[in-house]
Amino acid sequence: MDTEATAADTSATDSSPADSSRWFYGCAIAVVAFFVLIMLGAAAVADFEKSLDGDGQMEQPGLSGSVSQPLGPGMKARYEDGLWVTISRPEPHGDGTYSLTVTFKNGTDEELRLNGDSFPPLLVVRAGESAGDDAGVYSLTRLNSEKSAAALVPPLPEGEERTVPIRLKPARRGTPVTVEVTPPDAGYRETSYFQTTLG
């Protein structure tokens, strides 16, 4: 009798570590599953938020690209649908002119038509600071408007990029320039503002 009781006690003691390890692994799996569900829920809420304000909004760290926080050369305006826009640094030429480029990178899931007859126009280049009303203080001539417009005519396929050349002649060195980009969209697309200085 005593032998049987001792054997029963021993078997109960032997099964206890296995039960506790199963319990530990079960809890670990439950905790991992809980955090995965939280991350999936957060991603779903973020996607829902984006769907409310539309794909035409810009989404980026740092400067917003708005009229009060313009981007500089080399910085990207990132739209929620995957379109990226950037401008290059102005390159001076010996004749007092400057050239820069505006690059569109199509990370959306469809072909984009950049030359839409939308208002406001796709690409506006003007003298003065983006948030200032100093345009009358500075004079700027755009020399290759037709070439820039021609670069925007072909549709931009998904996953490709297009560079648009711009050639400018300021009345004097140190002229601030604002580049406003409003890519056409069936609904709404926010205007991105870039600011640079010639000379």
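For the structure, see preceding data.
Every value quoted in this text rests on a predicted model; they were computed, and no experiment measured them.

Draft legend 1. Fine view of the overall build of the chain. Helix and strand content of the chain: two helices and nine strands. The order of helices and strands in the chain, counted from the N terminus, is α-β-β-β-β-β-β-α-β-β-β. Long-range contacts, defined here as pairs at least 24 residues apart, represent 61% of the contacts in the chain between residues at least 6 apart. As presented, the chain carries roughly 12000 Å² of accessible surface, and 57% of it is formed by carbon and sulfur atoms.

Draft legend 2. Main features of the pattern of salt bridges. Applying the stated rule across the entire model yields four salt bridges. In this structure, R167 and D95 form a salt bridge, with 3.8 Å as the shortest nitrogen-oxygen distance. Linking R167 in strand 7 (residues 161-170) with D95 in the loop between strand 3 (91-92) and strand 4 (98-106), this pair joins segments that are 72 residues apart in sequence. With its nearest N and O atoms 2.8 Å apart, the salt bridge here joins E180 to R126. Of this pair, E180 sits in strand 8 (residues 175-181) while R126 sits in strand 5 (residues 123-127), and the two are 54 residues apart along the sequence. The partly exposed category is assigned to R126, whose relative accessible area is 22%.

Draft legend 3. Inspection of the environment of E146 at higher detail. Along the chain, the position of E146 falls in helix 2 (residues 145-151). E146 sits in the exposed class, given a relative accessible area of 72%. When the C-alpha atoms of E146 and I166 are compared, they prove to be 9.9 Å apart, with 20 residues separating the residues in sequence.

Draft legend 4. Focus on the environment of Y188. One can find Y188 in the loop between strand 8 and strand 9 (192-198). Along the sequence, Y188 and Q57 sit 131 residues apart, while their C-alpha atoms lie 8.3 Å from each other.

Draft legend 5. Structural view of the environment of L100. Among the secondary structure elements, L100 is positioned in strand 4. Given a relative accessible area of 3%, L100 falls into the buried group. Between the alpha carbons of L100 and P90 there is a distance of 4.7 Å; along the sequence they are 10 residues apart.

Draft legend 6. A nonpolar patch on the surface, seen in detail. A surface patch of nonpolar side chains, about 510 Å² in accessible area, is lined by V32, V36, L37, M39 and L40. Residue placement: L37 occurs in helix 1 (residues 2-53). Classification of L37 by relative accessible area gives exposed; the value is 61%.

Draft legend 7. Molecular detail of the sheet that holds strand 9. Taken in spatial order, the three strands make up an open sheet running 5-8-9, and their pairing is antiparallel. The outermost strands of the open sheet, each flanked by one partner alone, are strand 5 and strand 9. Going across the sheet, the axis of each strand differs from the next one's by a mean of 20°, ignoring polarity. Examined bridge by bridge, strand 5 and strand 8 share five bridges and lie antiparallel to one another. Bridge pairing links A127 to V177 in strand 8.

Draft legend 8. Spatial organisation of the nonpolar core. In this structure, V85, V102, F104, L123, V179, V181 and F194 are the most contacted members of the largest nonpolar core, which totals 26 residues. Where this core is concerned, the elements lending two or more residues are strand 2 (83-87), strand 4, strand 5, strand 7, strand 8 and strand 9. If you tally residues by element for this core, the top one is strand 4, at four residues.

What counts, and at which threshold
Residues numbered from 1 in each chain as written. Predicted model: local features only at pLDDT ≥ 70, side-chain atom pairs only at ≥ 80, totals over all residues. Heavy atoms only, no water. Helix = DSSP H or I, 4+ residues; strand = E, 2+ residues; numbered from the N terminus. Contact = heavy atoms within 4.5 Å. Areas by Shrake-Rupley, 256 points an atom, 1.4 Å probe, with all protein chains shown as cover. Salt bridge = Lys/Arg side-chain N within 4 Å of Asp/Glu carboxyl O. Buried < 20%, exposed > 50% of the residue type's maximum accessible area, 1.4 Å probe, protein only. Patch = residues over 30% accessible without salt bridge, like charges linked within 9 Å, V, L, I, M, F, W, Y side chains within 5 Å. Pairing = 2+ DSSP bridges. Axes fitted to C-alpha atoms, helices over the stretch in contact; angles between N-to-C directions. Core = buried A, V, L, I, M, F, W, Y, C linked by side-chain atoms within 4.5 Å.

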